[in-house]
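Chain by chain, the residues run as shown.
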Amino acid sequence: MQKPSNARGTRDFGPKEMAKRTYVFNVIKNHFEQFGFQAIETPAIENLSTLTGKYGDEGDQLLFKILNSGDYLSKLNEQDFKEGSKKFTYKVSEKGLRYDLTVPFARFVSMNRNDLAFPFRRFQMQPVWRADRPQKGRYREFYQCDADIVGSNSLLNEAELITLFQSVFNSLRLKAHLVINSRKVLAGVVDVLGMSDLFVDFAVAIDKLDKIGWDAVSNELVERGFSKDHCVILADLIVFEGNNLAKIDKLRQFFNGNEQGEAGLREIEQVLDFISKNGYDNSNIIFDYRLARGLSYYTGLIFEGKAKDIPFGSIAGGGRYDNLTSDFGLPNMSGVGLSFGIERIIDVMEALSLFPDIPVSGSKVLFAYFDQEGQIQAFQYVNELRRLGIASEIYPEIAKIKKPFEFADKKKIPFVAVLGEQELAENKINLKNMRSGEQKLLTLNELIQSL
RNA sequence: GCGGUUGUAGCUCACUCGGUUAGAGCACUGGUUUGUGGUACCAGGGGUAGUGGGUUCGAAUCCCAUCAUCCGCCCCA
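Everything numeric in this text was worked out from a predicted model, so none of it was measured. (Residues numbered from 1 in each chain as written. Chains lettered and ligands numbered in written order. Predicted model: local features only at pLDDT ≥ 70, side-chain atom pairs only at ≥ 80, totals over all residues. Heavy atoms only, no water.)

1. Overview of the domain arrangement of chain A
Right, so step 1: Examined at the domain level, chain A breaks down into domain 1 (15-63 + 99-351) and domain 2 (365-450).
Right, so step 2: For domain 1 and domain 2, the distance between their C-alpha centres works out to 53 Å. (Domains from an automatic or database assignment.)

2. Description of helix α7 (residues 156-172)
Right, so step 1: Taking 1.5 Å per residue as the helical rise, α7 with its 17 residues ought to reach 24 Å, and the 24 Å between its terminal C-alpha atoms agrees with that figure.
Right, so step 2: Directly beyond the C-terminal end of α7, a positive phi value near 60° is found at R173. (Helix = DSSP H or I, 4+ residues; strand = E, 2+ residues; numbered from the N terminus. Expected span 1.5 Å × (residues − 1).)

3. Here's the deal with the pairing of strand β6 (residues 141-150)
Right, so step 1: The element β6 is extensively covered by neighbouring structure, given that eight of its ten residues are classed as buried.
Right, so step 2: Sheet topology note: the strand β5 (residues 120-129)/β6 ladder contains ten bridges and is antiparallel. Each bridged residue has a counterpart across the sheet, and for Q124 the counterpart in β6 is D146.
Right, so step 3: By the bridge criterion, six bridges tie β6 to strand β11 (residues 335-340) in an arrangement that is antiparallel. (Buried < 20%, exposed > 50% of the residue type's maximum accessible area, 1.4 Å probe, protein only. Pairing = 2+ DSSP bridges.)

4. Details of the pattern of salt bridges
Right, so step 1: The full count for this structure, using the stated rule, is 19 salt bridges.
Right, so step 2: Where R21 meets E343, a salt bridge forms, and the shortest distance between an N and an O atom there is 2.9 Å. Of this pair, R21 sits in helix α1 (residues 15-34) while E343 is found in helix α14 (residues 342-351), placing the two residues 322 residues apart along the sequence. Exposure class is identical for R21 and E343. Each is buried.
Right, so step 3: In this structure, the salt-bridge partner of K411 is E393, at a minimum N-O distance of 3.1 Å. On the criterion of sequence distance, the pair formed by K411 in helix α16 (residues 402-411) and E393 in strand β13 (residues 392-394) is long-range, its members being 18 residues apart.
Right, so step 4: Classification of K411 as partly exposed rests on a relative accessible area of 30%. (Salt bridge = Lys/Arg side-chain N within 4 Å of Asp/Glu carboxyl O.)

The following block contains the structure:
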């Protein structure tokens, strides 16, 4: 016998956890649908060629690869072996588990381009897998919930996703704010400094601002090729605090006509303008030109949602990408997406006790009896109730009456219906309210009424 | 990939300096109660101390390795 355990970084979800997870999933799903997004699913397994090269070298390392079936060594020779595990891997593995939902979606759009109505709004809630080292809030198998709108450049889509963010977190009663920025603003900043070549380095470093502070970030910038003078100029921007409009003004002066930067600011302004009419309190939408975001495929607006009352990393993220599908032979397909970090949302809601009371068992009543006669009668009754839409179950064994009571108590089933000699003789049912302890002798019809 | 933490019953944990039969709470099983759960009382089952090696008369305890875990870094959402 072996000691049972989960594979590293994976979790089981018991009925209690599932009740909470399903609750959050359903809320998000309802909002997706309300906004006109359509569900799709894609396979867990993709061709490795679809996945590799999309997430950078680091990402390729974190892909779970599936060993080819059959005698996967038969076509290999010693030379292949000597080339090292990196190349060797791709000779014995042609499939892998998806790493996110965006790349499979891009493949999907490219393959179905002629059948989809553009602009296409899709949502997808499925697990993804990463061979990462697990830590707090970080798993090897976890769900992503993505909503994307592709085939439209309109900034109204950005405004729609921000509104979606508002409505989802309103429903969950989770206080969150959404930080927005534009890649073009960031590009404008490095452009003004004359350092456009180091855009990616700039983004990677500035992204850590929250975590490690400006001093450490400026050190990193210098390490990555920026001068101390650059940092002095940047420091002026970094320390500036103000509302959205003040920040836009500040940057406008800084850009002094720089084209990219200006374009970014106009995007921000227009989106803020749109959402001011969406009927939500938008004081939690914050323009922050210090927001970067790791993913390299974003080209326009970027978002990042965070919980207000608790530091927990980001609970939503997304942005505009201009070339989603060009890797799959469909150029110029622009889209914008928002991903809800559902695992973290659940963790945050748990930590803040935001879950409403969710019944673990759906059953309203459990039938109990003493002998075979009662068992048969109970089986009849329970199915009658089910036909009427009353979720109910029957204790399957003839046992001490204590057993079904303990069972109902454990499962928090609110009523137990007892069928004993007396009840059967009178054609009645003894219904016990497990919470109050109250017990009544009822006919089947009376029982149905009282449930 | 790097650094650290922890690993004892199903779960949460205790066991003084290395010393006899490794304990507790919760959970589980049975009973007090053969027509009643959630409270109480009584009794009971359950352990290769992660795994492998070493030191020692003697190891849960010390050392080494290995696996797992959690935390941090890199990275990522």
